[in-house]
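Working through the structure, step by step
Take a look at the letters that make up each chain.
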Amino acid sequence: MNYIKLLNAAFEKFFFDDRLNPTHISLYMALFQEWNSSRFADEFYVNRRELMRVAKIGSKSTYHRCVTNLDSWNYLTYFPSNNPYKGSKIKMAIIGTSDEPDMGRYDPILEQLAEEYHPIREPVVGQHRPKNGQVVDSNRPVSGQALVSTINNTKQVNNLKQPKGWQAVIDFFIEKGFNAEEGKKFFEYYETRNWQTSDGKEIRDWRALATNWMGRTELYAKENKPNKKQASQIKDNLRTTKNKDYGQPL
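All values derive from a computational prediction rather than experimental measurement. Residue numbers restart at each chain and count upward from 1, following the sequence in its written direction. Thresholds applied to this predicted model are a pLDDT of at least 70 for local features of residues and 80 or more for the giving and counting of side-chain atom pairs; totals over whole chains, interfaces and linings are not thresholded and use all residues. The side-chain numbers reported here are obtained from all heavy atoms of the structure, hydrogens and water having been left aside.

1. Regarding the packing of helix H8 (residues 180-192) against helix H9 (residues 206-223)
Applied cut-off: Axis lines are fitted to C-alpha atoms, over the contacting stretch for helices. Their N-to-C directions set the angle, which ranges from 0 to 180 degrees. We count a stretch as a helix when DSSP gives it H or I for four or more residues in a row; a strand needs E for two or more, and each element gets its number in order from the N terminus. For this classification, under 35 degrees means roughly parallel, over 145 means roughly antiparallel, 65 to 115 means roughly perpendicular, and everything else is oblique. Crossings are sorted by hand: turned counterclockwise from the far helix by less than a right angle, the near helix makes the crossing left-handed, and turned clockwise it makes it right-handed. For this analysis, residues touch if any pair of their heavy atoms sits within 4.5 Å. Throughout, the ten residues Ala, Val, Leu, Ile, Met, Phe, Trp, Tyr, Cys and Pro are labelled nonpolar, Asp, Glu, Lys and Arg are labelled charged, and all others, Gly among them, are labelled polar.
Across the interface, H8 lies against H9 with an axial gap of 11 Å and an inter-helix angle of 125°. By the criterion of interaxial angle, the relationship of H8 to H9 is oblique. When the axes of H8 and H9 are compared, the crossing they make is right-handed. Between H8, through Glu182, Lys185, Phe186, Tyr189 and Tyr190, and H9, the contact on the second element is made entirely by Trp206, Leu209, Ala210, Trp213, Arg216 and Thr217. For the contact of H8 with H9, a count of residues per class yields seven nonpolar, one polar and three charged.

This is the structure:
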């Protein structure tokens, strides 16, 4: 079956048929899709709910009226089913004639043979073999080796070890919610140490070090924050008198 020719023939018939309305065409297209999914079988079963959802039909009476009309107008043959567990059967009418041989009909035997067939001498794709006299580059990467230049990677490592200047440090601190003065302290502290740790090792990532600096600054500020709860406990919230005479009877 030729999908395009069948569909074009159906549209041509729609054009000259004044009995059709958009619901008829929508239902026919939903049935045509089911027919195509079944590889243009002579007969196939359908589910009314799925067809109504695909064709955008909200009423059962509208669905039955349209499918009955399409049957009476020779667009299809409708075999209703009274069994709720078994769908109705549809046989689509082949609109238009063609003298071409039927080359597209599904044949399970031919498809099974096509799946089992594998060419014996299949060429290997992607295998490179040098020709006679061709010089193979000794610096060519072997299998699995990444062909990436190390120049940019070295620059990136150097940028991570030390900032480009004090402005980069201040911008980083402001981005993290700290003031510029704290960033200036951080830069001056490690600039005097030549961007080395306390044990003399080079700093690998100044941004990670700055983040650690910010965390310690926040922790120090929380620890030295005055405790308001202690002052509220000293205050006499009940406003009671402290000078009591316990010798008086209750």
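2. A closer look at the confidence of the model for the protein chain
Heads up, the rule is: Confidence of the prediction at every residue is given by pLDDT, a number between 0 and 100.
For the protein chain, mean pLDDT is 75; residues scoring 70 or higher make up 64% of the total. Within the model, the stretch residues 99-105 combines pLDDT values under 50 with six contacts to residues more than four positions away or in other chains. In the model, residues 117-128 has pLDDT below 50 throughout and makes two contacts with residues more than four positions away in sequence or in other chains.

3. Quick notes on the sheet that holds strand E1 (residues 44-46)
Going by this rule: Whether two strands pair comes down to DSSP finding at least two bridges between them.
The antiparallel open sheet is built from three strands, whose spatial order is E1-E3-E2. This sheet does not close on itself; its edge strands, each paired only once, are E1 and strand E2 (76-79). Strand after strand, the sheet turns through a mean of 35° between neighbouring axes, direction not considered. Relative to strand E3 (residues 88-92), E1 runs antiparallel, the two sharing three bridges.

4. Concerning unusual backbone geometry
Selection rule: Only protein chains enter the area calculation, which uses a 1.4 Å probe; residues under 20% of their type maximum are buried, those over 50% are exposed, and those in between are partly exposed.
Positive phi outside glycine occurs at Arg39, with the angle close to 60°. Relative to the helices and strands, Arg39 resides in the loop between helix H2 (22-37) and E1. Residue classification places Arg39 among the partly exposed positions, given a relative accessible area of 45%. Look at Phe40: it is not a glycine, yet its phi comes out positive at around 55°. One can find Phe40 in the loop between H2 and E1. Residue Phe40 is classed as buried on the basis of its relative accessible area of 7%.

5. A look at the pattern of salt bridges
To be explicit about the condition: Criterion for a salt bridge: a side-chain nitrogen of Lys or Arg within 4 Å of a carboxyl oxygen of Asp or Glu.
For the structure on display, the rule yields two salt bridges. The shortest N-O distance in the salt bridge between Glu43 and Lys89 comes to 3.3 Å. You can see Glu43 sitting in the loop between H2 and E1 and its partner Lys89 sitting in strand E3, a full 46 residues away along the chain. Judged by its relative accessible area of 36%, Glu43 falls in the partly exposed class. The exposure class of Lys89 is partly exposed, given its relative accessible area of 23%.

6. Regarding the pairing of E3
Burial along E3 is one-sided: the residues Ser88, Ile90 and Met92 are buried and none of Lys89 and Lys91 is. Examined bridge by bridge, E2 and E3 share four bridges and lie antiparallel to one another. Looking at E3, one finds that Leu76 is bridged to Met92.

7. Things to note about the packing of aromatic side chains
Here is the rule: Any two rings among Phe, Tyr and Trp, with Trp reduced to its six-membered ring, count as a pair given centres within 6.5 Å; such a pair is stacked if its planes are under 30 degrees apart, edge-to-face if over 60, and tilted if neither. Two thresholds decide whether a charge sits over a ring: the Lys NZ or Arg CZ must be within 6 Å of the ring centre and within 35 degrees of the ring normal.
For the coordinates displayed, the defined rule picks out 16 aromatic pairs. Taken together, the ring pairs in this structure connect Tyr3, Phe11, Phe14, Tyr28, Phe32, Trp35, Phe40 and Tyr75 into an aromatic cluster. Here the guanidinium or amino end of Lys13 rests over the ring plane of Tyr75, the centre of that ring lying 4.4 Å away. One residue, Lys89, lies across the ring of Phe79, its end atom 5.3 Å from the ring centre.

8. Quick notes on the nonpolar core
Definition in use: We define a nonpolar core as any set of buried Ala, Val, Leu, Ile, Met, Phe, Trp, Tyr and Cys residues linked to one another through side-chain atoms lying within 4.5 Å.
Ranked by size, the top nonpolar core spans 30 residues in total, and within it Leu27, Tyr28, Leu31, Tyr75, Leu76, Ile90 and Met92 carry the most contacts. When contributions to this core are tallied by element, the ones reaching two or more residues are helix H1 (3-16), H2, E1, helix H3 (48-55), helix H4 (60-72), E2 and E3. Looking at this core, the element that brings in the most residues is H2, giving six residues. Not counting the four nearest positions on each side in its chain, Tyr75 is found in contact with Lys13, Phe14, Asp17, Leu20, Tyr28, Leu70, Met92, Ala93 and Ile95. In this structure, Phe178, Tyr190, Trp195 and Trp213 belong to the second largest nonpolar core, which totals 14 residues.

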